[in-house]
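Working through the structure, step by step
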Amino acid sequence: MKRDTGQNRSITAKWRPATRAVRAGTWRSEQGETSEALFVTSGYSYDDAHTPAARFAGQEAGMTYSRTQNPTVQMLEERIAMLEGAEACRVQASGMAAMTASMLCQLSAGDHMVIAQAAFGPTRWVTDNLLPRFGIEVTPVDGRDLDAWQTAIRPNTRVFFFETPANPTMDLVDIAAVCTLAREHGITSVVDNAFATAALQRPLEFGADVVAYAATKLMDGQGRVLAGAVCGSAAFINDKLLPFQRNTGPTLSPFNAWVVLKGLETLDLRAHRQADNALVVARFLEGRVPRILHPGLASHPQHDLATRQMIKPGSIFSFEIEGGRTAAHGLLDALELIDISNNIGDAKTLMTHPASTTHSSLAPEVRETMGVSEGMLRISVGLEDPQDLVEDLDQALKAVGL
Ligand SMILES: *Cc1c(COP(=O)(O)O)cnc(C)c1O
């Protein structure tokens, strides 16, 4: 195709991120379709016997089987890689498939890794329960404390893993400081960037080696499909991640890849508008509730760091109300517009009570040390008119006497 520029890196590399999110990776069939084609196929046929032999031998590019490659999935991988500014990307069936693959593909028995303790629940299950079964030791640290990262390093430390901002306390990790420390010790840093996405935060520019995603969240952005992605150097993706992925099979379906491709076309718009809406809602709540955790507010203990490393502080934040679990559940039950949901990154505004949902499997003392109190609520602000969200929260607060 004459104007099939989406796969041409010498052209896409010149584009700014918002343009890459719409066009990078696009590959057109001979029909010249404007919207990316959906290739629902598990296998491929060949004109002659030599072709598959050459492809299996790695001498010729081309599809062999959809566990390894699929045109729709490849378009998504190229688009995410370009958006992130990474040499390469591979997508997975869910965010957790991405997190698990990013760790297991590079760790062996006898290795050690360090994780910021404020991490997504299933990520902590993998590091606390799964990895030790295979002889991999994990040290959780307070991700905000650079000395804690330094002290945790051992001769066999291979990986630093963290989320920033982290769920639901909105703790930040200083990406540049922690990733520089990792580099100095030959440790690979992996950042779960699901809360911000490349539209709002670019960890590679601050020295991260690998960026992992739940594309389920803001990348899809409309609460439809599960998807994950791992971005990094070509050497990391092709030599470490790909052999693990193609042989263990956490493959993303072409349909889900297609949905995320469509989601990425509006990512920049949505991420910025949702972040702006979140700030409107946060400013209203700031005068109404005893504690609010939003990195965009001057009251957040790491507000300066948020300003340094985030383009905008994101669409998810938490706050506390008086009256513990009873009041928190009462407020959720009184909502008329905002949905009660533990999902995030949707066009619809969603709210959850972490202590009784996402963090319910942790012991109450562990929740307390993490700062997840009984009166804490987390909100993922969507694309509605923020004034309607403010009015809904106002009436719900009044309904519980606040
Ligand atoms: C949702 C989420 C995940 C897991 O993604 P799934 O697609 O649900 O498997 C991992 N990390 C963070 C920060 C998340 O929000």
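Remember, it's a predicted structure, so these values are computed and weren't measured experimentally.

Quick look at the overall build of the chain now. Helix and strand content of the chain: 15 helices and 12 strands. Relative to the globule expectation of 21 Å for 402 residues, the C-alpha radius of gyration of the chain, 22 Å, shows essentially globular dimensions. For the chain, the spread of C-alpha atoms along the principal axes amounts to about 75 × 50 × 35 Å. When the 402 residues of the chain are sorted by exposure, 56% land in the buried category. Taking the contacts inside the chain whose residues are at least 6 apart along the sequence as the reference set, 71% of them involve residues at least 24 apart. When the accessible surface of the chain is split by element, carbon and sulfur atoms take 51% of a total near 16800 Å². Taking the average location of the 36 positive side-chain charges in the chain and that of its 46 negative ones, the two points are 5 Å from each other.

Strands in a sheet are paired, the pairing made by backbone hydrogen bonds, and the direction either parallel or antiparallel. Strand order in the open sheet formed by seven strands is 1-7-6-5-4-2-3, with mixed pairing between adjacent strands. Two strands lie at the open edges of the sheet, namely strand 1 (88-92) and strand 3 (137-141), each paired on one side alone. For this sheet, the mean angle separating the axes of adjacent strands, direction not counted, is 20°. Strands strand 1, strand 2 (112-116), strand 4 (157-163), strand 5 (188-192), strand 6 (210-214) and strand 7 (228-232) of the sheet are contacted by helix 5 (residues 95-104), whose axis makes an angle of about 155° with strand 6. Helix-sheet contacts for helix 6 (residues 121-133) involve strand 2, strand 3 and strand 4, and the interaxial angle to strand 2 is about 155°.

When cut into domains, the chain gives domain 1 (2-264) and domain 2 (267-399). Just the C-alpha atoms count here: the centres of domain 1 and domain 2 sit 27 Å apart. On the side of domain 2, 35 residues touch domain 1, which itself brings 33 residues to the contact. For domain 1, the biggest contributors to the area lost against domain 2 are Pro 168, Leu 172 and Leu 200; these three give 24% of the whole. For the pair domain 1 and domain 2, the interface holds one salt bridge. The salt bridge partner of Asp 174 is Arg 308, with a shortest N-O separation of 3.6 Å.

Right, let's talk about the nonpolar core for a bit. Within the largest apolar cluster, 36 residues are counted, with the highest numbers of intra-cluster contacts made by Leu 76, Ile 80, Val 91, Val 260 and Leu 264. Broken down by secondary-structure element, the contributors of at least two residues to this core are helix 4 (71-84), strand 1, strand 6, strand 7, helix 10 (254-265), helix 11 (267-286) and helix 12 (303-309). The element that contributes the greatest number of residues to this core is helix 4, accounting for six residues. A domain-level breakdown of this core finds at least three residues from each of domain 1 (2-264) and domain 2 (267-399). Core analysis: the next-biggest nonpolar cluster, separate from the first, contains 27 residues, Leu 279, Val 281, Ile 292 and Met 351 among them.

It is worth spelling out the site of the ligand at this point. Taken together, 13 residues sit near the ligand, with Gly 95, Met 96, Asp 192, Thr 216 and Lys 217 positioned nearest. Side-chain polar atom of Asp 192 to a nitrogen atom of the ligand: 2.7 Å apart, as the coordinates give it. In this structure, an oxygen atom belonging to the ligand sits 2.7 Å away from a side-chain N or O atom of Lys 217. Relative to its unbound accessible area of 380 Å², the ligand is 92% covered by the protein chains. A class-by-class count of the residues in the shell around the ligand yields seven nonpolar, three polar and three charged.

With that settled, consider the packing of aromatic side chains. As enumerated under the stated definition, the model contains five aromatic pairs in all. Pairing Trp 27 with Phe 39 gives two aromatic rings, centres 5.7 Å apart and planes at 45°, and the pair type is tilted. With Trp 27 in the loop between helix 2 (17-23) and helix 3 (50-56) and Phe 39 in the loop between helix 2 and helix 3, this residue pair connects regions lying 12 residues apart in the sequence. Residue classification places Trp 27 among the partly exposed residues on the basis of a relative accessible area of 34%. Here Trp 149 and Phe 162 contribute two aromatic rings whose centre-to-centre distance is 5.8 Å and whose plane-to-plane angle is 70°, an arrangement assigned as edge-to-face. Pair noted here: Trp 149 is in helix 7 (residues 146-152) and Phe 162 is in strand 4, with a separation of 13 residues, a long-range link. The buried category is assigned to Phe 162, whose relative accessible area is 0%.

Here five strands make up an open sheet; going across it, the order is 8-9-12-11-10 and the pairing mixed. The open sheet has two free edges, formed respectively by strand 8 (291-293) and strand 10 (339-340), since each of these has just one partner strand. Here two bridges tie strand 10 to strand 11 (residues 350-352), and the two strands are oriented parallel to one another. Paired with Asp 339 across the strands is Leu 350, a residue of strand 11. Across the sheet, helix 11 is in contact with strand 8, strand 9 (316-320) and strand 12 (376-380); its angle to strand 9 comes to roughly 10°.

Rules used throughout
Residues numbered from 1 in each chain as written. Predicted model: local features only at pLDDT ≥ 70, side-chain atom pairs only at ≥ 80, totals over all residues. Heavy atoms only, no water. Helix = DSSP H or I, 4+ residues; strand = E, 2+ residues; numbered from the N terminus. Rg over C-alpha atoms; globule rule 2.2 N^0.38 Å. Buried < 20%, exposed > 50% of the residue type's maximum accessible area, 1.4 Å probe, protein only. Contact = heavy atoms within 4.5 Å. Areas by Shrake-Rupley, 256 points an atom, 1.4 Å probe, with all protein chains shown as cover. Lys, Arg positive; Asp, Glu negative; His and termini not counted. Charge placed at Lys NZ, Arg CZ, Asp CG, Glu CD. Pairing = 2+ DSSP bridges. Axes fitted to C-alpha atoms, helices over the stretch in contact; angles between N-to-C directions. Domains from an automatic or database assignment. Buried area = accessible area lost by both parts, 1.4 Å probe. Salt bridge = Lys/Arg side-chain N within 4 Å of Asp/Glu carboxyl O. Core = buried A, V, L, I, M, F, W, Y, C linked by side-chain atoms within 4.5 Å. Near = heavy atom within 4 Å. Polar contact = N/O pair within 3.5 Å; in protein donor to acceptor, adjacent residues only side chain to side chain. Nonpolar A, V, L, I, M, F, W, Y, C, P; charged D, E, K, R; others polar. Phe/Tyr/Trp six-rings, centres within 6.5 Å; stacked < 30°, edge-to-face > 60°.

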